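For reference, the chains in residue letters:
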Amino acid sequence: MKSLGDQDKPPVVGIVMGSDSDWGSMEKAVSILEQLNIPFDMTVSSAHRSPERTAEYARSARTRGLRVIIAGAGAAAHLAGFVAALTTLPVIGVPLDSSSLRGLDALLATAQMPAGVPVATMAIGAAGAKNAAILAAQILATSDPVIEGRLNQLKEGMAAEVAQKAESLRMNM
Ligand code: RP5
């Protein structure tokens, strides 16, 4: 089986964010996809400010070769749900803490989808962006053993980091 996990291959994960001001959180998703060597593309599109652009993005996603979409937005965050309404690809939503409500508004707007139009909603902010990329990789890994192997390495790395932190705490006590 040909692996999807190679940066020089066409993108299989699409990252879309509501504004360039979302980059500070969404870059965490990019780092993970780069680490796992999964090809992705990335754009800014707004459900409210550029609905036609967003609709075109969602409608063309599958034929452009994308397999999973990560949509990050803050405030009245309708981006992930709007994209999910227009595609049968899995959509992972990242609520961002860009408003005075610190992301609670975006969390509810992203998670509280009506029955029939799912959005896999992550935690608010950078942790959610990181998890969105890992979840996207896990979806791809259901049919790609190479990506599965890289995910296992990522998990082993996290476990080793915890052990290292425990050891350095013990040494400093
Ligand atoms: C949302 O509004 C965006 O996703 C962003 O989180 C927030 C603020 O956008 P800007 O006013 O900074 O462009 O749609």
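This text follows the structure it describes.
Please read these numbers as outputs of a predicted model, since none were measured by experiment.

Basis of the calculations
- Residues numbered from 1 in each chain as written.
- Predicted model: local features only at pLDDT ≥ 70, side-chain atom pairs only at ≥ 80, totals over all residues.
- Heavy atoms only, no water.
- Core = buried A, V, L, I, M, F, W, Y, C linked by side-chain atoms within 4.5 Å.
- Buried < 20%, exposed > 50% of the residue type's maximum accessible area, 1.4 Å probe, protein only.
- Helix = DSSP H or I, 4+ residues; strand = E, 2+ residues; numbered from the N terminus.
- Pairing = 2+ DSSP bridges.
- Right-handed = clockwise from strand over helix to strand, strands pointing away.

Participant: Could you clarify how one ought to interpret the nonpolar core in this entry?
Facilitator: Taken as a class, soluble globular proteins show a tendency for nonpolar side chains to be buried jointly. Core analysis: the biggest nonpolar cluster contains 29 residues, and Val13, Ile15, Met26, Ile38, Ile70, Val94 and Leu151 have the highest contact counts within it. Residue assignment for this core shows that the elements contributing at least two residues are β1 (13-17), α1 (23-35), β3 (68-74), β4 (91-96), α5 (126-141) and α6 (145-171). Among the elements that take part in this core, α5 stands out by supplying eight residues, more than any other. One finds Ala47, Ala58, Ala77 and Leu89 within the second-largest nonpolar core, a separate group that totals 18 residues.

Participant: When you look at the pairing of strand β2 (residues 40-44) in this model, what are you seeing that I'm missing?
Facilitator: Looking down a regular strand, the side chains alternate between one sheet face and the other. Where β1 meets β2, five bridges bridge the pair, whose relative direction is parallel. Its bridge partner lying in β2, Gly14 is registered against Asp41. With respect to chirality, the unit in which β1 leads through α1 into the neighbouring parallel β2 is right-handed.

Participant: Sorry if this is basic, but what is going on with the sheet that holds β4 here?
Facilitator: Hydrogen bonds between backbone groups are what pair the strands of a sheet, and the pairing can be parallel or antiparallel. If you trace the five strands from one edge of the open sheet to the other, you get β2-β1-β3-β4-β5, paired in parallel fashion. Two strands bound the open sheet, and with one partner strand each, they are β2 and β5 (120-121). Bridge count for β1 against β3 is five bridges, and the pairing is parallel. Residue pairing across strands places Val13 opposite Val68, the latter belonging to β3.

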